[in-house]
2 protein chains.
Amino acid sequence: MKKLINDPEGVLNDALVGFAAANPDLIVNLEDRYISRGPTAGKVSLVSGGGSGHEPLHGGFVGYGMLDAACPGEVFTSPVPDQMLAATKAVDGGAGVLHVVKNYTGDVLNFQMAAELAGDDGLQVESVLVNDDVAVENSTYTAGRRGTGGTVFVEKMAGAAAERGADLAAVAAVGREVNDRSRSFGVALTANVIPATGKPGFELGDTEIELGVGIHGEPGRTRGQMSTAREIAGVALDAIHTDMPLSGDVLVMVNGLGGTPLIELYVVYAAVAEWLEGHGATITRNLVGNYITSLEMAGCSITVARMTPDLTELWDAPVQTPALRWGR
Amino acid sequence: MKKLINDPEGVLNDALVGFAAANPDLIVNLEDRYISRGPTAGKVSLVSGGGSGHEPLHGGFVGYGMLDAACPGEVFTSPVPDQMLAATKAVDGGAGVLHVVKNYTGDVLNFQMAAELAGDDGLQVESVLVNDDVAVENSTYTAGRRGTGGTVFVEKMAGAAAERGADLAAVAAVGREVNDRSRSFGVALTANVIPATGKPGFELGDTEIELGVGIHGEPGRTRGQMSTAREIAGVALDAIHTDMPLSGDVLVMVNGLGGTPLIELYVVYAAVAEWLEGHGATITRNLVGNYITSLEMAGCSITVARMTPDLTELWDAPVQTPALRWGR
């Protein structure tokens, strides 16, 4: 497998060096392994993190209006508590820190330990668990539901609330509300390849797709036959709708998993818009592109959040990060 | 080959329907096949276009501070003069229209014909030919050099000049200056697959790469063996530096060709920054991501522009488009 890397073991470090060079306004701590924008006095800070390979998540979302710090683990591997603790301390502005944690066992345990250690040091820490993936209960790395695309929504809207001066409890409440209102479903057309192994993480036949795949390539609900974008969008939206009936104003993300051309994501978005219109929901905001990826996996995930006017205001609030730099 | 489409023949139409749904502030004319933001009275308008499959180029760059219209052809196929003429008329605000044309034979001939037809109708049209790719002279679809990543730079900076009120000659002069100062070199790790054929556009062995590949998968300079990101960046920058010595302030884009994970693009960016620093050039602005793609091709292109203070001001000017929404 060919990859644009120098050394399979050094991918994360090399990428962080590149990220630092490309984003001189951010602090990249190579030793403690976190990306931050430093503390903002009096503001609640948001810290997230997780295995690498999902870029731009999370480092690409550090900046005004979103995260204060991100802790990248090795590819598909949870960051360690020390990293999270260092990041938490580095960005605390005196108003407390919210950990945004995707529901994977390693991430959950490590963030919990980091929160306890930070608490021992007198910091106020709350956490929001993101578990928006309706595909499966329990999976390779997860007890309960996995956290996927909803993470982008949680980070954006909780980040906006923090920027406005909400206190820690209120910022955490926004994060939990966004998670409660968000649902995702992913589909893989091809497998990804972890640099350290150089081999596909799973096998898919020439006409097979994985319906409900996780962002590491974890198994989904079923192995299906390749069909049309319209049918695939229908399967995803049916699964979401069964879990959380869709109506009213919705925010939709059609997210590429890393190896799918943007032109195809727009074909999917057309199908998603058609389906939602047919079911009486109104898309009021959207994202189409690569926001939470799985290395070079071909495929997409669809995330829908049921919006309120308050959440829409938070979505529209200014944001200035490497990956999201606008207000809607 | 699996693709998220409904019908290989309907990809462009379906994608435009999705693009229209996702971007309600833009006008998507499905019959005449152009994307526009309408005319702005008294402002020079910029129209570009080319074969589809390179998204977000060009439609993703329509909006404030950049293009006024884009004409998408079928995948890897030039748009037709009627499209270009309709788009040119649709956005003319009375101050003339600049065509930004990548140097591919079909695009050049068709834009030339559209400009003549627009002239017959009393419109003032100028054009800028983008030919920044140093890899080869003449190629499958091109006499002379191909137009690649430099197109993004031309559209951004000429677009900013137009937004500031520069007249047609001045906007065209900015576009030509940016092209003159920009050079690109691309590398393919895998081939792309045109939806209508469903087959790879070329064959690459398991350890082979194409050095100097074109954005449609046209042959480059040589077929090489896979090596490190650092060595590949060196080959690309050596080729650029030989053609246009690099020093002073530069704008750099490390562009994904569609199938390469963002984490790898940052690894490449680290190597590019190291190389440029070693050669006495200073990166003052950068882009890292997918801006001019080749469907799902794995690989990247590197574009460098030698900047002036005036051009940096134009680069930093506000922009609000689906794909570029910030000032730097």
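Please read all numbers here as calculations on a predicted model, not as lab measurements.

Reading guide: rules and limits
Residues numbered from 1 in each chain as written. Chains lettered and ligands numbered in written order. Predicted model: local features only at pLDDT ≥ 70, side-chain atom pairs only at ≥ 80, totals over all residues. Heavy atoms only, no water. Pairing = 2+ DSSP bridges. Helix = DSSP H or I, 4+ residues; strand = E, 2+ residues; numbered from the N terminus. Axes fitted to C-alpha atoms, helices over the stretch in contact; angles between N-to-C directions. Least-squares fit on C-alpha atoms with pLDDT ≥ 70 in both. Contact = heavy atoms within 4.5 Å. UniProt positions renumbered as here; feature names shortened; annotations may be inferred. Buried area = accessible area lost by both parts, 1.4 Å probe. Salt bridge = Lys/Arg side-chain N within 4 Å of Asp/Glu carboxyl O. Polar contact = N/O pair within 3.5 Å; in protein donor to acceptor, adjacent residues only side chain to side chain. Nonpolar A, V, L, I, M, F, W, Y, C, P; charged D, E, K, R; others polar.

Caption draft 1: Focus on the sheet that holds strand 9 (residues 222-225) of chain B. Residue and element names in this part refer to chain B. Spatially, six strands are ordered 9-8-7-12-10-11 in an open sheet, and the strand pairing comes out mixed. Strands with a single pairing partner mark the edges of an open sheet, and in this sheet they are strand 9 and strand 11 (281-289). Neighbour to neighbour, the strand axes of the sheet diverge by 20 degrees on average, direction disregarded. By the bridge criterion, four bridges tie strand 8 (residues 208-211) to strand 9 in an arrangement that is antiparallel. Considered in strand 9, the bridge of Glu 210 is made with Arg 223.

Caption draft 2: Representation of the relation of the copies chain B and chain A within the structure. Between chain B and chain A, which share one sequence, the superposing operator has a rotation angle of 180 degrees and an axial displacement of 0.0 Å; the RMSD is 0.0 Å. Here the transformation between the copies is reduced to the relation of a two-fold axis. Taking the C-alpha atom as reference, chain B places Gly 259 of chain B closest to the rotation axis, 2.1 Å from it. Of the interface residues in chain B, 100% have counterparts in chain A that sit at the interface too, so the contact is made through matching surfaces.

Caption draft 3: Highlighting the UniProt feature "domain: DhaK" (unreviewed entry) in chain A. Under the UniProt annotation, "domain: DhaK" (unreviewed entry) lies at residues 7-326 of chain A. Within the segment residues 7-326 of chain A, helix and strand shares are 33% and 23% respectively, and the terminal C-alpha atoms sit 35 Å apart.

Caption draft 4: The arrangement of the interface of chain B and chain A in detail. The partner chain A presents 54 residues to the 54 residues of chain B that form the contact. Roughly 4,300 Å² of surface becomes buried between chain B and chain A when both sides are summed, with 67% attributable to carbon and sulfur atoms. Area buried by chain B at its contact with chain A is led by Lys 2, Leu 4 and Ile 263 of chain B, which between them contribute 22% of it. Counting across the chain B and chain A interface gives two salt bridges. Ionic pairing is found between Lys 3 of chain B and Glu 264 of chain A, a salt bridge with its closest N-O pair at 3.5 Å. The tally of links from chain B across to chain A stands at 16 residue pairs in polar contact (both at pLDDT 80 or more). Among the elements of the structure, helix 1 (11-22), strand 8, helix 6 (229-243), helix 7 (262-278), strand 11 and strand 12 (299-306) of chain B are those that each provide at least two residues to the side of chain B that touches chain A. Sort the elements by how many residues they give to the side of chain B that touches chain A and helix 7 of chain B lands first, with nine residues. Its residues assigned to classes, the side of chain B that touches chain A comprises 29 nonpolar, 15 polar and 10 charged.

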